[in-house]
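Tertiary structure, described
As a plain string of letters, each chain reads:
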Amino acid sequence: MKKLRENPHSPDLRLIPSIIGGDEKKRHGIVTAKSLPAKKMGIHTAMTVAEALRICPNLVIEPPDFETYHEESERLMELLREFSPVQEQLSIDECYLDMTDAAGRFARAGESSRTWSVRAADEIRRSVRETLGFTVNVGISTNRLLAKMASDFAKPDKTHTLFPEEVPKKMWPLPVESLYGAGPSTAQQLRRLGASTIGQAAAMDVEVLKASFGVKGGIYIYESANGRGSDIIHTDDRDALSMSAETTVPSDLGPGDEAQAKEVIRRLSERVSARLRQEGVFAQTITVTVKTDDFRRHSRSLSLKDPVNDTDAVCRVALEGYWQMCGGDDGYFHAGQKVRLVGVGATKLSDGRFRQMSLTDLAQQIEEEEEQNRRRRQEEQRQAKRRDKQAKLEKMSRELNARFGDGTVVRGSTIKNDK
């Protein structure tokens, strides 16, 4: 989209066999995104660039543009908030929306929620296309699993429903590889057990699945294959155990790429720390993750004496962890490996109430405490005056009743003299 905006005459990558990721000249790296024409040729995400080029020698390869991705993602999420504030972002280009409260905007008299929700989805697609210049698929259902599955049906720019009663017709005939959450090894094991479709997995004995995939894994496969999943939209990250961001770098990082590594980690640290500040929390532990060119993930966590949420502190600790892992005589660079993915995470989150304060923090706290004490003294003075006034009124009432007779003055009345 960025290239088309800059040069309307450049080819639209969505309409030709193209991929994002890897390095065409070095013929290494993996496919991180592919166009529909490339998908139809058999190219898929996570395939190596070399394999993709063997399938399509004329394949157009473009490097990732993370800055643009991040900007467009923010624009998309902001637009979607106009349709529903109850939103959970699943990835840079996916999110769940709870449209329950949108009935007043889209529903017509006597219309079912399933009817108006399709019209709302079509309006979302139109708005994204006309406002942002790209297309989205929308999946509709009563739970997260089925909505996600529906969104992956035929593309582009489509609305799909997958309600529970539609599962046998729309979902069960699909290959087990299409089941959300079932990776290649899980699908392979299901096929060995005789389940090549989602419907066959749904019909399996759950005890057999638990024996093959563990209790949690077996139950997940059985429940999800039968279309059952959570309908809860998690809108608040403050209850999460961690906040993180990661990215596949445009070209593999080695020992001489210090500036590039610092730039990537700085950008990731900005994203993580911004979320920490937005939620009003601090992180006690910072974790840096790398994926080396043998596709193995490694991480290093560093705990801090005082929790932080500012970018400089997060970046400083993340860089320290990065070089501890990758530099030195026992680092991955020394072993001849390079880094293709970098991640920064923040864990052990708290509200910072036990954080060691700086002089500025201390001065602010003292000022706040003094203000609270001043207000408390003022309230105590008002209460004392009120009690003193009440005591004087009660004394006056007793004196008047003694002089003119009982009942001359009662609570809530005025003095009355008939003489």
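Residues numbered from 1 in each chain as written. Predicted model: local features only at pLDDT ≥ 70, side-chain atom pairs only at ≥ 80, totals over all residues. Heavy atoms only, no water.

Let's shift gears to the overall build of the chain. Within the chain, the regular secondary structure consists of 14 helices and eleven strands. The 419 residues of the chain split such that 36% are buried. Across the chain, the fraction of contacts at a sequence separation of at least 24, relative to all contacts at a separation of at least 6, is 52%. (Helix = DSSP H or I, 4+ residues; strand = E, 2+ residues; numbered from the N terminus. Buried < 20%, exposed > 50% of the residue type's maximum accessible area, 1.4 Å probe, protein only. Contact = heavy atoms within 4.5 Å.)

For helix H7 (residues 144-151), the buried fraction is high: eight of the eight residues fall into the buried class. For H7, the set of buried residues is Arg144, Leu145, Leu146, Ala147, Lys148, Met149, Ala150 and Ser151. Sitting at the head of H7, Asn143 places a side-chain oxygen 3.1 Å from the backbone nitrogen of Leu145. (Polar contact = N/O pair within 3.5 Å; in protein donor to acceptor, adjacent residues only side chain to side chain.)

With that settled, the discussion passes to unusual backbone geometry. The amide bond that connects Lys155 to the next residue, Pro156, takes the cis arrangement and shows omega of 0°. Counting through the fold element by element, Pro156 comes out in the loop between H7 and strand E7 (159-161). Here Lys348, not a glycine, exhibits a phi torsion of approximately 55°, which is positive. In this structure, Lys348 sits in strand E11 (residues 339-350).

Helix packing geometry: the angle between the two helix axes and the distance between the axes. The geometry of helix H12 (residues 258-279) relative to helix H13 (residues 311-326) is characterised by a closest axis approach of 8 Å and an angle of 135° between their N-to-C directions. As summarised for this structure, H12 and H13 are arranged oblique, according to the angle between their axes. Of the two elements, H12 crosses H13, and the hand of that crossing is right-handed. In this structure, H12 contributes Glu258, Ala261, Lys262, Ile265, Arg266, Ser269, Glu270, Ser273 and Arg277 to the contact, and H13 contributes Thr311, Asp312, Val314, Cys315, Ala318, Leu319, Tyr322 and Trp323. Classifying every residue of the contact of H12 with H13 gives eight nonpolar, three polar and six charged. (Axes fitted to C-alpha atoms, helices over the stretch in contact; angles between N-to-C directions. Parallel < 35°, antiparallel > 145°, perpendicular 65-115°, else oblique. Left-handed = near helix turned anticlockwise from the far one by under 90°. Nonpolar A, V, L, I, M, F, W, Y, C, P; charged D, E, K, R; others polar.)

Another aspect to go through is the nonpolar core. Counting residues in each nonpolar core, the largest one holds 31 residues, and the members touching the most others are Ile265, Ile286, Tyr322, Val339, Val342 and Val344. Put simply, the parts of the chain that give this core at least two residues each are strand E8 (242-253), H12, strand E9 (282-292), strand E10 (297-308), H13 and E11. Ranked by the residues each element gives to this core, the list is headed by H13, at nine residues. Formed by 21 residues, the second largest nonpolar core is a distinct cluster that contains Leu162, Ala182, Ala195 and Met204. (Core = buried A, V, L, I, M, F, W, Y, C linked by side-chain atoms within 4.5 Å.)

Right, let's get into the sheet that holds strand E2 (residues 33-34). Pairing is mixed in the open sheet, where three strands are placed in the order E2-E1-E3. Here the strands that pair on one side only, and so sit at the sheet edges, are E2 and strand E3 (60-62). Across three bridges, strand E1 (residues 18-20) lies against E3 in parallel orientation. The residue bridging Ile19 from the neighbouring strand is Ile61, located in E3. (Pairing = 2+ DSSP bridges.)

To continue, consider the packing of aromatic side chains. Inspection of the entire model under this criterion finds four aromatic pairs. Geometrically, the ring pair formed by Tyr322 and Trp323 is edge-to-face, given 5.0 Å between the ring centres and 85° between the ring planes. For Trp323, a relative accessible area of 26% translates into the label partly exposed. Here Arg114 stacks its cationic end above the ring of Phe163, 4.2 Å away from the centre of that ring. (Phe/Tyr/Trp six-rings, centres within 6.5 Å; stacked < 30°, edge-to-face > 60°. Lys NZ or Arg CZ within 6 Å of the ring centre and 35° of its normal.)

So, about the pattern of salt bridges. Once their charged atoms are close, side chains differing in charge can pair, the charge on each being opposite to the other. In the structure shown here, the tally under the stated rule is 23 salt bridges. Between Arg114 and Glu165 there is a salt bridge; the shortest N-O distance is 2.1 Å. Of the two residues, Arg114 sits in helix H6 (residues 113-132) while Glu165 sits in the loop between E7 and helix H8 (167-171), which places them 51 residues apart along the sequence. Classification of Arg114 as partly exposed rests on a relative accessible area of 34%. Overall, Glu165 belongs to the exposed group, its relative accessible area being 52%. Three or more residues joined by partner-sharing salt bridges are found here, namely Glu94, Lys148, Asp152 and Lys155. (Salt bridge = Lys/Arg side-chain N within 4 Å of Asp/Glu carboxyl O.)

Let's shift gears to the environment of Pro164. One can find Pro164 in the loop between E7 and H8. Leave out the neighbours within four places in its chain, and Pro164 touches Ser141, Thr142 and Leu146.

The subject of this paragraph is the environment of Ala201. Mapped onto the elements, Ala201 comes out in helix H10 (residues 198-202). Note: C-alpha distance between Ala201 and Ser224 (23 residues apart in sequence) is 9.6 Å. Ala201 has contacts with Leu190, Ala195, Leu209 and Ala225, leaving out every residue within four places of it along the chain.

Let us now look at the confidence of the model for the chain. Per-residue confidence for the chain gives a mean pLDDT of 83; residues scoring 70 or more make up 87%. Taken as a whole, residues 413-419 scores under 50 in pLDDT and shows five contacts with residues more than four places along the chain or in a different chain. (pLDDT = per-residue confidence, 0-100.)

Let us look at the side chain of Lys148. Structurally, the position occupied by Lys148 is in helix H7. Relative accessible area serves as the criterion here: at 10%, Lys148 is assigned to the buried category. At a separation of 2.5 Å, a polar atom in the side chain of Lys148 contacts the side chain of Glu94. Setting aside chain neighbours within four positions, we find Lys148 in contact with Leu90, Glu94, Tyr96 and Tyr180.

Here we take up a nonpolar patch on the surface. A cluster of nonpolar side chains, contributed by Leu90, Tyr180 and Tyr220, occupies part of the molecular surface with about 240 Å² of accessible area. According to the relative accessible area criterion, Tyr220 is partly exposed, its value standing at 36%. (Patch = residues over 30% accessible without salt bridge, like charges linked within 9 Å, V, L, I, M, F, W, Y side chains within 5 Å. Areas by Shrake-Rupley, 256 points an atom, 1.4 Å probe, with all protein chains shown as cover.)

It is at 12 Å that the axes of helix H9 (residues 184-192) and helix H11 (residues 206-225) come closest, and there the two elements cross at 120°. As judged from the angle between their axes, H9 and H11 are oblique. H11 is crossed by H9, and the crossing has left-handed handedness. Note on element contacts: H11 touches H9 through Leu209, Ser212, Phe213 and Ile221, opposite Thr186, Gln189 and Leu190. Residue classes in the contact of H9 with H11 are distributed as four nonpolar, three polar and no charged.

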